[in-house]
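Here is how the chains run, residue by residue.
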Amino acid sequence: MGKLSAKCIVAGDSTVGKSTLIQLFRSDGSHFPKNYSLTTTMDVITKTVQIPDSGDIVELFLCDSPGKAMFYEMTEGLWDQPGALCLVFDVTSETSFSNCGRWLQRIKSKTTSPYLPGVLVGNKTDLSGRRAVEKIQAEEWAASHGLEYFETSAKELENFDQPFRALAKSFHRLYQERVENFKSLL
Amino acid sequence: MTRAGDLCLSSAGARVSLATSSDDRHPAECIIDGNPETFWTTTGMFPQEFIISLNGLQKIGKIIIESSSVRSLKIYTSATKEPTDFEPCTDRELEHVEGQFHTEEITVSITGRPIDLHFSILQGLLWFAGIGATM
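This write-up is about the structure you can find in this document.

Conventions used here
Position numbers for residues start from 1 in each chain and track the written sequence from start to end. Note on labels: chains are lettered from A, ligands numbered from 1, in written order. Thresholds applied to this predicted model are a pLDDT of at least 70 for local features of residues and 80 or more for the giving and counting of side-chain atom pairs; totals over whole chains, interfaces and linings are not thresholded and use all residues. Side-chain measures here rest on the full set of heavy atoms in the structure, leaving out hydrogens and waters. Every helix listed is a DSSP run of H or I at least four residues long, and every strand listed is a run of E at least two residues long, numbered separately from the N terminus. Here, two residues are considered to be in contact whenever any of their heavy atoms come within 4.5 Å of each other. DSSP-based pairing: two strands are paired if at least 2 bridges between them are found. Angles run from 0 to 180 degrees between N-to-C directions of axes, and those axes are lines fitted to C-alpha atoms, restricted for helices to the stretch in contact. Partly exposed describes any residue whose relative accessible area lies between the buried limit of under 20% and the exposed limit of over 50%, with all areas from a 1.4 Å probe on protein chains only and scaled to the type maximum. In this description, the arc belongs to the directions extending from the helix axis to the C-beta atoms.

### Brief notes about the side chain of Thr92(A)
Here is step 1: Note on placement: Thr92(A) falls in the loop between strand 4 (84-90) and helix 3 (94-98).
Here is step 2: The contacts of Thr92(A), once residues within four sequence positions are left out, are Lys124(A), Leu127(A), Arg130(A), Arg131(A) and Ala132(A).

### A closer look at the sheet that holds strand 9 (residues 116-124) of chain B
Strands belonging to one sheet form pairs held by backbone hydrogen bonds; the direction of such a pair is parallel or antiparallel.
Residues and elements named next belong to chain B.
Here is step 1: With antiparallel pairing, the 5 strands of this open sheet are ordered in space as 1-4-9-6-7. At either end of the open sheet lies a strand with only one pairing partner, and these are strand 1 (15-19) and strand 7 (87-93). For this sheet, the mean angle separating the axes of adjacent strands, direction not counted, is 20°.
Here is step 2: Relative to strand 9, strand 6 (residues 70-78) runs antiparallel, the two being bridged by 8 bridges. Bridged to Lys 74 within strand 9 is Ser 120.

### Regarding the environment of Phe128(B)
Here is step 1: Secondary-structure assignment places Phe128(B) in the loop between strand 9 and strand 10 (130-134).
Here is step 2: Sequence spacing of Phe128(B) and Ser68(B) is 60 residues, and the spatial spacing of their C-alpha atoms is 9.0 Å.
Here is step 3: Those residues in contact with Phe128(B) that lie beyond four places of it in its chain are Phe171(A), Leu174(A), Tyr175(A), Arg178(A), Phe182(A), Thr42(B), Thr43(B), Gly44(B), Phe46(B) and Ser69(B).

### Brief notes about the sheet that holds strand 5 (residues 60-68) of chain B
Residue and element names in this part refer to chain B.
Here is step 1: Across the sheet, which stays open at both edges, the 4 strands sit in the order 3-10-5-8 with antiparallel pairing between neighbours. Sheet topology places strand 3 (40-41) and strand 8 (102-110) at the edges, where each strand pairs with a single neighbour.
Here is step 2: Judged from the 7 bridges that link them, strand 5 and strand 8 form a sheet pairing that is antiparallel. Pairing of Ile 63 across the sheet is with Ile 106, part of strand 8.

### Focus: the side chain of His172(A)
Here is step 1: Note that His172(A) resides in helix 6 (residues 162-185).
Here is step 2: Not counting residues within four places of it along the chain, the set of residues in contact with His172(A) comprises Leu4(A), Ile51(A), Ser54(A), Asp56(A) and Val58(A).

### A short note on helix 4 (residues 100-108) of chain A
Residue and element names in this part refer to chain A.
Here is step 1: Restricting attention to buried positions, one finds in helix 4 the residues Cys 100, Trp 103, Leu 104 and Ile 107. Viewed along the axis of helix 4, the buried residues span an arc of 100°, placing them on a single side of the element. Of the exposed residues in helix 4, those oriented more than 90 degrees away from the buried face are Arg 102 and Gln 105.
Here is step 2: As for helix 4, its buried residues are in contact with strand 1 (2-11), helix 2 (69-75), strand 4, helix 3, strand 5 (118-123) and helix 5 (135-144).

Function-wise, these values are silent; they only describe arrangement.
Spelled out as structure tokens, the structure:
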């Protein structure tokens with residue numbers, strides 16, 4: 001059995017639901033924060049994910065980062081050497097979707113690795129009447145940037161753990177590839 | 001005097017007293033088992049550290065380390081009974097050559113009684129590093 005550790009940056013515009021998704025995932029769906037609280041510093045939440053059929057576990061260090069520019073600038077330095085990324089936008093906000101490109105650039109500038117496991121999450125799908133970003137549009141953008149796309153509704157407890165489990169899995173796959181690579185060198 | 005190459009082997013009484021990563025398919029004991037086919041892997045994030053406690057020693061002139069994906073390494077020594085009170089010994093930026101385990105020879109001058117060697121991998125590539133052996 002192996003225990004892996006991945007630093008995962010969770011980023012996106014403010015009020016898209018980053019902290020809520022993380023809190024739900026942490027509590028296995030039992031804690032939905034009803035009141036909005038602005039994230040001003042980077043919170044690190046750890047959560048262990050079992051990797052099916054391997055006996056291995058991945059401990060995710062989820063870095064819940066402020067979306068507001070003023071606070072983001074102060075915490076940016078803590079993003080050094082990320083191992084995975086989770087970009088979140090609000091499906092009712094075109095702006096939060098179009099800003100994902102900028103968030104992606106910011107995270108990529110913190111790593112020297114050519115590949116970073118990542119997911120794009122469209123949250124708040126329960127607000128279907130106000131939807132401004134179509135699924136196909138988000139899927140295409142995600143695919144063109146090597147990200148896996150997920151839609152979630154934190155409010156309806158839908159899919160909230162899928163993006164994080166997918167990240168843990170990709171990170172685990174990278175580790176296995178790396179170990180195979182080491183073996184081949186000896 | 002004991003030959004330098006023998007000191008960091010479990011057969012010479014050395015043991016790993018700490019390692020910050022664990023995958024029981026590639027445990028830290030692989031560093032000192034003398035088998036060129038085995039290695040220790042770090043399992044994500046840096047720094048990563050390991051301590052090798054030697055079976056008593058007077059002098060070390062050279063440390064050889066075989067690694068892959070290690071970029072920056074720092075070595076500390078401790079001469080106390082327990083592995084505490086470490087003092088910096090040397091640090092190195094390693095050259096990473098893709099497609100091979102890199103052998104780095106580090107000349108040191110450790111006199112007195114260094115009982116524990118503390119290796120700290122400050123930076124690596126792609127989150128995971130492998131250490132094949134130290135001598």
